[in-house]
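These are the residues of each chain, in order.
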Amino acid sequence: MAALKILVIPGSLRTGSLNARLAATIAAELAQAGAEVTRISLADFPLPIFDGDLQAKSGVPKHAINLKRMMAAHHGVLIVTPEYNSSVPALVKNAIDWVSRVQDPGETRGQVFAERAFAIAAASHSRLGGTRALSALRLILSACQATVIPNQLALSFATEAYDDMDRLKHPADLEAIRGLVRQLIEFSQRLM
Ligand SMILES: Cc1cc2nc3c(=O)[nH]c(=O)nc-3n(C[C@H](O)[C@H](O)[C@H](O)COP(=O)(O)O)c2cc1C
């Protein structure tokens, strides 16, 4: 059986991003569980703010097509998003909006979402840990016909969650990550 491939997308470009750190932690657990993991940065897929006139004039930007094809080359996708004003950052929403406009030959538009499992996670300084961003992201991905796995992960008080060795301090956080990883692998295998 081919190796299960999972794409990990942090939803922040910020140096020292809490979400990029959480994405790295989950990526390591995915690899530990046997998945072949690709962790990207959206900085490598720079996109203008979605504008229908721009699409009509110039088509979908090549970085959106590349990001869509990157997703298509994996069986499952994990998005680790910050919470901005109780929702997802424009970076994440804009990337999804553009990818949802990509239509490769022989495909319906947005088919890439419908054919794979998505997991969602968030990290924040707050007690809620980005839960509201997760609700928003689940809704957006579901609107794109994605299978969003039931488990999700909100890392509360994320600035204090790691020790000096960059390991999670609380066993419950690691357990929650492992639960997310198990379910993402299970759902991705089902859709393979
Ligand atoms: C515009 C803006 C809005 C924010 N709104 C929220 C919010 O609604 N809830 C929350 O928990 N944190 C909020 N934050 C704080 C972010 O969670 C925090 O900056 C976090 O570190 C961003 O993720 P990153 O470290 O991965 O870049 C906000 C930050 C910014 C810049």
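That block above? That's the structure.
Reading guide: rules and limits
- Residues numbered from 1 in each chain as written.
- Predicted model: local features only at pLDDT ≥ 70, side-chain atom pairs only at ≥ 80, totals over all residues.
- Heavy atoms only, no water.
- 1 Å grid on protein atoms, 1.4 Å probe; cavity = no way out; pocket = protein on both sides within 12 Å on 5 of 7 lines; lining within 4 Å.
- Points joined across faces, edges and corners; volume = space filled by probe spheres on them.
- Nonpolar A, V, L, I, M, F, W, Y, C, P; charged D, E, K, R; others polar.
- Axes fitted to C-alpha atoms, helices over the stretch in contact; angles between N-to-C directions.
- Helix = DSSP H or I, 4+ residues; strand = E, 2+ residues; numbered from the N terminus.
- Parallel < 35°, antiparallel > 145°, perpendicular 65-115°, else oblique.
- Contact = heavy atoms within 4.5 Å.
- Core = buried A, V, L, I, M, F, W, Y, C linked by side-chain atoms within 4.5 Å.
- Buried < 20%, exposed > 50% of the residue type's maximum accessible area, 1.4 Å probe, protein only.

### Digging into the layout of surface pockets
Where empty space is left in the structure can be found by rolling a water-sized probe over the atoms.
Argument step 1. In this structure, the largest pocket spans a volume of roughly 160 Å³.
Argument step 2. For the largest pocket, the full set of lining residues is Ser12, Arg14, Ser17, Leu18, Asn19, Pro82, Glu83, Tyr84, Ala123, Ser124 and His125.
Argument step 3. Classifying every residue of the lining of the largest pocket gives four nonpolar, five polar and two charged.

### Some details on the packing of helix 4 (residues 90-99) against helix 6 (residues 131-143)
Argument step 1. Interhelical geometry of helix 4 versus helix 6 gives an angle of 5° and a closest axis separation of 11 Å. Relative to helix 6, helix 4 is oriented roughly parallel. Contacts from Val92, Lys93 and Ile96 in helix 4 reach Leu137, Ile140 and Leu141 in helix 6.
Argument step 2. A per-class count over the contact of helix 4 with helix 6 returns five nonpolar, no polar and one charged.

### Let's talk about the nonpolar core
Argument step 1. If you look at the biggest cluster of nonpolar residues, it comprises 29 residues, and the most contacted ones within it are Leu22, Ile26, Leu30 and Leu78.
Argument step 2. Secondary structure elements with two or more residues in this core: strand 1 (5-10), helix 1 (18-32), strand 3 (76-81), strand 4 (117-123), strand 6 (153-155) and helix 7 (171-191).
Argument step 3. Not counting residues within four places of it along the chain, the set of residues in contact with Leu30 comprises Ile6, Val8, Ala35, Val37, Leu78, Val181, Leu184 and Ile185.
Argument step 4. Of all hydrophobic cores here, the second largest spans 27 residues; its members include Leu7, Met71, Val99 and Ile120.

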